[in-house]
Amino acid sequence: MIKSFRTLFDSQSRLQSFIEENELPQYPALSVYICAGLMELAEITNLITFLKNLLPQVVIVGSSSSENRLIGKKTLIDFVTFEKTKVFSEMINVENTEDLVTLGETIALDYVTSDTKMIQLFSNLRIGDMNPILDGFHKRNSDVVILGCNSLDSIKDSPHYVFTERGIVENGIALILFDNQDMVIETMENNSWSELGLPFTVSKAKENILMGLNGKKPIHIMKQFLGNEFIQYLPKSSFQIPFIIHREKRKEIAFIRDIHEGSSLELSAPVINGDVLSLAIPNKEKLLSLSQKGLKRQKSKNIETIFAFHCAFIKESLNNYFQYEEEQQTPIIDFNCFGEISCRSKKQSKSLSPSSIYITLSESAEGNKLVSEKNCTLPAPSHFISALTTMANEAAKEVNALRENIRQSSAYYHSLYENNIDVVYTLDLKGNFTSVNHSFVKAIGYTLNELKGKSSLKLVMDHDIPKAQRHFRKSINGKIQYYNMNIKTKDGSIESFHIKNIPVMVDGKCMGVLGIGRDISENIKFEEKITQLAHYDEGTGLPNRTKFNEILEEMLRRAKKKRRALAVLFIDIDRFKMVNDTLGHYAGDLMLKELANRMKNALSKGAYLGRFTSDKFSILLTKEADPESIIQFGKQLLKIIEKPFSYQKKEFFLSASIGVSMYPYDGDQSEDLLKNADLALNRVKLQGGNGMIFFSDEMNEETLNRVEMESQLRRAIKNNELFLMYQPIIDSSNRKMKSCEALIRWMHPERGIIPPFEFIPLAEETGLIHSIGKWVLKNACKQMKVWHDEGLTDASISINVSASQFQNRWFIEEVKNALAYSNLDSTFLHLELTETVMLNDSIKTIETMHALRNIGVKISIDDFGTGYSSLSYLRHLPIHILKIDKSFIQNLDVQTPDYAIVHSIMTMGKGLGLEVIAEGVETNEQFAILKSMNCNYIQGYLIEKPMDSVRMKEWLENKRFIGQQ
């Protein structure tokens with residue numbers, strides 16, 4: 001549950017009383033927001049120290065301001081408490097504002113964790129500096145909601161600060177981070193701006209400096225349209241009437257930061273020559289209405305508090321809507337920000353300079369009615385209304401001048417239309433011709449009389465009609481279109497044209513389409529030839545070095561996105577110079593061409609072959625790019641190259657050297673991968689050629705070892721080098737063996753006994769686990785049946801099952817075959833599965849488990865507590881036993897946290913109707929603790945170490961229990 005409290009600070013004693021009355025020290029997580037107003041640095045420092053002494057868990061963020069007319073000289077403090085959310089703060093001192101996008105990326109990379117759900121930024125940077133920071137953050141992390149605002153301040157030279165409990169800076173950013181992935185967050189923005197008067201065109205600008213509008217100095221334009229009073233209040237008055245920059249896809253608000261020499265203006269956003277600007281004012285009635293409606297909509301939702309961020313200059317003029325009480329518990333927390341506020345989230349990337357942003361938060365499912373029914377009216381008009389009156393008068397003069405411009409523009413248009421060397425035509429909204437120029441008639445052959453009122457699709461090839469219709473629809477929707485199209489001329493020939501469709505807009509509505517076409521038939525033929533020569537080898541038709549690099553760059557980008565490996569292979573023909581010198585370059589070119597065809601036919605899906613230089617080829621593998629597959633592919637290539645070449649009835653033999661580099665192991669840039677593959681190739685050459693080497697010696701050695709071990713493991717299965725050992729599991733109440741676990745070992749002829757953790761992962765990766773698993777099932781069941789028949793025990797056999805083995809479609813049949821082979825009753829077979837196995841492909845897993853239960857086989861969860869099982873998931877699984885991982889037993893003592901964990905697992909198991917096994921028991925003290933917890937079964941060195949079948953039989957005959965005193 002999130003709660004918030006507000007007070008106006010005037011003394012430490014009253015603040016302490018407020019904190020104690022609201023019992024704030026009891027909350028585990030507490031954030032404090034301080035609007036410090038006109039406080040001096042020493043006063044801020046004292047206040048922070050005072051709060052930290054009273055509230056050790058507090059996280060503080062705040063800012064001062066050189067003037068604060070909303071709350072006067074008082075300091076506003078908001079306390080926000082959390083029950084399930086962790087809150088942190090960070091302080092960044094910003095000395096360089098030239099690369100703010102990178103700063104935003106750094107915040108996303110360095111401060112955000114996997115639990116972070118929201119970040120709030122408070123800065124005292126320049127107007128316009130917040131948006132690039134948020135853009136950089138959103139570029140790196142769009143899942144976290146981030147909100148930024150400047151501290152409340154007019155533009156003055158006096159110092160003001162942003163601060164956290166960690167420190168205070170004059171120029172920087174204070175961050176507060178909220179870590180709780182279950183937190184429910186919604187954002188709402190109000191950004192209603194009304195444009196004023198006619199637009200202006202930027203005639204001179206450099207980055208953020210505006211030096212000319214409509215060919216005049218911008219300060220003179222502002223004075224002409226808004227009057228002297230507006231100019232006197234600059235740059236502060238710009239927050240009431242800023243510029244709107246009209247971009248192609250969106251609009252952007254630009255405030256005036258400062259007035260420079262020469263009457264130029266520094267804006268909060270960059271502009272370029274040709275940009276269109278217009279003046280704007282906030283639509284306060286609409287803003288107020290949107291705020292009220294938006295807050296009322298939240299009444300039906302489960303929210304606990306609302307953070308409300310307001311542009312201070314807008315809020316100042318609506319002061320009757322926002323009031324501050326001396327002390328109150330309030331679900332809505334207001335923040336007053338200087339000039340600009342901005343927000344980014346997964347649903348909202350960027351908006352038009354909002355005047356208010358509301359963020360609703362909730363930690364629980366219980367809703368609260370947070371919104372009042374207060375209705376508000378606007379305050380009296382400000383002195384800026386006179387500026388609007390002046391602007392309206394000037395607009396009338398501009399309209400008259402505009403009419404004359406239209407008449408002249410019409411004459412210019414007609415002259416350009418008829419004398420244009422390109423094909424020009426116009427269409428109505430149905431796509432019918434309304435006019436064509438002289439060049440159209442000359443190129444296409446049809447006159448206006450032949451085409452007027454007829455569909456333009458008459459000239460389009462049948463297969464291109466959908467394409468033409470698609471671009472025409474986009475044109476009449478106001479979008480300029482560029483595309484190439486084949487046109488049927490009157491004499492029946494087909495010519496290619498580059499078409500530009502321009503929507504003819506009047507008052508925001510499309511009245512028709514102006515089309516311009518340029519004959520590109522010869523250009524296309526020439527470009528196709530140039531492209532072929534520029535990107536493909538003339539002799540073999542393979543991609544050349546340039547094209548191969550392009551392919552590598554694209555495939556590398558995809559590999560990074562999908563986190564896949566890829567490999568680059570350089571293949572150099574050994575001593576090929578001798579072929580050229582002996583047989584001539586013609587014969588050498590023939591051999592290279594045939595060699596290219598051989599290698600091309602050997603490529604699998606996702607592989608690309610290129611000719612890098614004369615006798616050097618390159619291959620890119622995007623699939624099956626693991627070391628083992630690369631080795632097999634390399635061997636195949638060497639064999640293909642070694643096949644004889646026939647020339648002039650004689651056979652010639654070649655060999656090759658192959659160097660390999662892999663992403664991500666040997667570099668993450670294309671140039672690094674190519675360089676490293678070349679270094680590996682050179683190493684092969686130094687060793688005599690006719691072979692393959694990976695770039696990394698260590699990787700090469702590891703790869704060869706893995707391949708060798710796989711070969712040895714295959715032989716081990718055939719040569720019966722695998723054997724089973726058994727470890728008893730006893731009943732804690734009577735110390736009788738209830739079951740024993742079958743454990744596989746490998747008796748290597750040279751290395752001795754190899755434990756399973758060294759070869760089982762390799763068996764799973766290569767698929768050998770299936771044959772090994774079947775062998776274990778059959779032999780373990782058979783051995784237990786022998787001991788049953790000899791009267792040594794009536795215990796069960798427990799067998800570990802891997803994920804890939806369990807998910808095999810034939811696994812049920814393998815279990816049935818093992819039971820039939822051994823003649824062991826199914827009730828004496830226990831299969832041990834890890835939590836991870838059960839969570840993979842959960843539907844199929846549950847079906848398999850039910851099938852096993854139906855034939856009488858029992859199922860245990862092995863290593864319980866180390867995975868991610870949930871109670872809601874476990875209670876639906878047909879399992880019988882929980883096996884506590886030995887990591888919780890090794891240090892088990894009543895004083896250790898492991899005691900609570902084990903006790904909780906015991907309680908949970910009993911609640912679910914499951915039996916519990918504790919593995920890894922080594923001491924009598926551990927045994928006693930587990931027995932006191934009513935643990936059903938015990939396994940570990942205290943009972944006995946794993947034994948081979950002969951020693952296990954002796955153990956059963958003697959009925960030994962090492963832990964028995």
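Reading guide: rules and limits
- Residue numbers run consecutively from 1 along every chain, following the written order of its sequence.
- It should be noted that, the model being predicted, local features are given only for residues of pLDDT at least 70 and side-chain atom pairs only at 80 or more, the latter also being counted only at that level, while totals for whole chains, interfaces and linings use all residues.
- The basis for every side-chain value is the complete set of non-hydrogen atoms in the structure, without hydrogens or water.
- Pairing between two strands requires that DSSP report at least two bridges joining them.
- Every helix listed is a DSSP run of H or I at least four residues long, and every strand listed is a run of E at least two residues long, numbered separately from the N terminus.
- Here the axes come from fitting lines to C-alpha atoms, over the contacting stretch only for helices, and the angles between their N-to-C directions go from 0 to 180 degrees.
- Whether two residues are in contact is decided by their heavy atoms: any pair within 4.5 Å suffices.
- As a per-residue measure, pLDDT tells how confident the predictor is, with possible values from 0 to 100.
- When accessible area is computed with a 1.4 Å probe and restricted to protein chains, residues below 20% of their type maximum are described as buried, those above 50% as exposed, and intermediate ones as partly exposed.
- Here the arc refers to the directions that run from the helix axis out to each C-beta atom.
- Only residues whose relative accessible area exceeds 30% and that take part in no salt bridge are eligible for patches, with like-charged residues grouped when within 9 Å of each other and nonpolar side chains (Val, Leu, Ile, Met, Phe, Trp, Tyr) grouped when within 5 Å.
- Each accessible area is a Shrake-Rupley result for a 1.4 Å probe, and residues are judged covered by the shown protein chains and nothing else.
- Throughout this description, the term salt bridge denotes a Lys or Arg side-chain nitrogen within 4 Å of a carboxyl oxygen of Asp or Glu.
- All tallies of charge rest on Lys and Arg as positive and Asp and Glu as negative; His and the ends of each chain are not included.
- The atom standing in for a charge is NZ when the residue is Lys, CZ when it is Arg, CG when it is Asp and CD when it is Glu.
- Any two of the Phe, Tyr and Trp rings considered here, Trp counted by its six-membered ring, make a pair once their centres fall within 6.5 Å; the pair's planes then place it as stacked at under 30 degrees, edge-to-face at over 60, or tilted in between.
- Two conditions define a charge sitting above a ring: the NZ of Lys or the CZ of Arg must be within 6 Å of the ring centre, and it must be within 35 degrees of the ring normal.
- By nonpolar core is meant a set of buried Ala, Val, Leu, Ile, Met, Phe, Trp, Tyr and Cys residues that side-chain atoms within 4.5 Å join together.

As annotated in an unreviewed UniProt entry, the protein chain carries the name Diguanylate cyclase and is attributed to Heyndrickxia camelliae.

*Asks:* Can you walk me through the sheet that holds strand β27 (residues 509-519) in this structure?
*Replies:* Strands pair in a sheet through their backbones, by hydrogen bonds, and they do so in one of two ways: parallel or antiparallel. Sheet architecture is open: five strands sit in the order β24-β23-β27-β26-β25, paired in antiparallel fashion. Each edge of the sheet is formed by a strand with only one pairing partner; in this case those strands are β24 (433-436) and β25 (481-488). Neighbouring strand axes in the sheet, compared pairwise and without regard to direction, differ in orientation by 30° on average. Where strand β26 (residues 494-506) meets β27, ten bridges bridge the pair, whose relative direction is antiparallel. In the sheet register, Phe497 faces β27, and the bridge partner there is Asp519.

*Asks:* For this particular structure, what's the right way to read the sheet that holds strand β33 (residues 656-663)?
*Replies:* Pairing in this open sheet of five strands is mixed, and the strands run β29-β30-β28-β33-β34 from one edge to the other. In this open sheet, the two strands that pair with only one neighbour each are β29 (607-611) and β34 (691-694). On average, adjacent strands in this sheet sit at an angle of 20° to one another, irrespective of strand direction. Summarising the sheet, strand β28 (residues 566-573) and β33 pair through eight bridges and their orientation is antiparallel. Note that in β33 the partner of Ile573 across the bridge is Ala656. Along the sheet, helix α17 (residues 627-642) makes contact with β28, β30 (616-621), β33 and β34, crossing β33 at roughly 160°. Packed onto the sheet, helix α18 (residues 670-686) meets β28, β30, β33 and β34 and runs at close to 145° relative to β33.

*Asks:* Got a minute to help me understand the confidence of the model for the protein chain in this structure?
*Replies:* In low-pLDDT segments, the atomic positions of the prediction should not be examined closely. For the protein chain, per-residue confidence averages 83 on the pLDDT scale, and 86% of positions sit at 70 or higher. Contacts of residues 371-386 to residues separated by more than four positions or lying in other chains number 30 contacts, the stretch itself having pLDDT below 50. Contacts of residues 961-965 to residues separated by more than four positions or lying in other chains number 13 contacts, the stretch itself having pLDDT below 50.

*Asks:* How do you make sense of helix α20 (residues 756-766) when you look at a structure like this?
*Replies:* Because the α-helix completes a turn every 3.6 residues, residues three or four places apart line up on one side. Along α20, the residues that are buried comprise Phe759, Ile760, Leu762 and Ala763. Projected down its long axis, α20 shows its buried positions confined to an angular sector of 165°, all on one face. Pointing more than 90 degrees away from the buried face of α20 are the exposed residues Phe757 and Glu765. Positive backbone phi, approximately 90°, marks Gly767, located one or two places after α20.

*Asks:* I'm lost on a positive patch on the surface in this one. Help?
*Replies:* The grouping of Lys249, Arg470, Arg473, Lys474 and Lys479 at the surface amounts to a positive patch. Structurally, the position occupied by Arg470 is in helix α12 (residues 465-476). Residue Arg470 is classed as partly exposed on the basis of its relative accessible area, which comes to 37%.

*Asks:* Please explain the packing of aromatic side chains as it appears in this structure.
*Replies:* Aromatic ring pairs are defined here through the distance separating the ring centres and the angle between the ring planes. Taken as a whole and assessed by the stated rule, the structure comprises 15 aromatic pairs. Centre to centre, the rings of Tyr425 and Phe433 are 6.0 Å apart; their planes meet at 70°, and the pair counts as edge-to-face. Given a relative accessible area of 3%, Phe433 falls into the buried group. Measuring from centroid to centroid gives 5.5 Å for Phe806 and Phe811, while their planes differ by 55°, and the two rings are tilted. As far as burial versus exposure is concerned, Phe806 and Phe811 are alike and both buried. Taken together, the ring pairs in this structure connect Tyr33, Phe82, Phe122, Phe178, Phe307 and Phe309 into an aromatic cluster. Lying over the aromatic face of Phe645, Arg598 brings its terminal NZ or CZ to 3.9 Å of the ring centre. Above the face of the Tyr941 ring, Lys945 is positioned so that its terminal group lies 5.4 Å from the ring centre.

*Asks:* Hey, could you run me through the nonpolar core in this one?
*Replies:* In a soluble, globular protein the nonpolar side chains are often hidden away together inside. Of all hydrophobic cores here, the largest spans 75 residues; its most connected members are Ile797, Ile799, Leu831 and Leu930. A total of eight residues in this core trace back to one element, the largest contributor, which is helix α21 (residues 769-789). Each residue touching Leu831, except ones within four places of it in the same chain, is listed here: Leu777, Ile799, Val801, Phe811, Val815, Leu852, Val857, Lys858, Ile859 and Ser860. Grouped together as the second largest cluster of nonpolar side chains are 32 residues, Met591, Leu609, Leu621 and Ile641 included.

*Asks:* In this structure, what is going on with the pairing of strand β36 (residues 737-748)? I would like to understand it.
*Replies:* Put simply, side chains in a regular strand alternate between the two faces of the sheet. The buried count for β36 comes to ten of twelve residues, which makes it a mostly enclosed element. Judged from the nine bridges that link them, strand β35 (residues 722-731) and β36 form a sheet pairing that is antiparallel. Each bridged residue has a counterpart across the sheet, and for Ile729 the counterpart in β36 is Ser739. Counting the residues between successive antiparallel strands, the hairpin from β35 to β36 contains five residues, one of them, Arg735, with a positive phi of roughly 60°. In textbook terms, the turn of a hairpin is the stretch between consecutive antiparallel strands, and for β36 and strand β37 (residues 752-754) this stretch comprises three residues.

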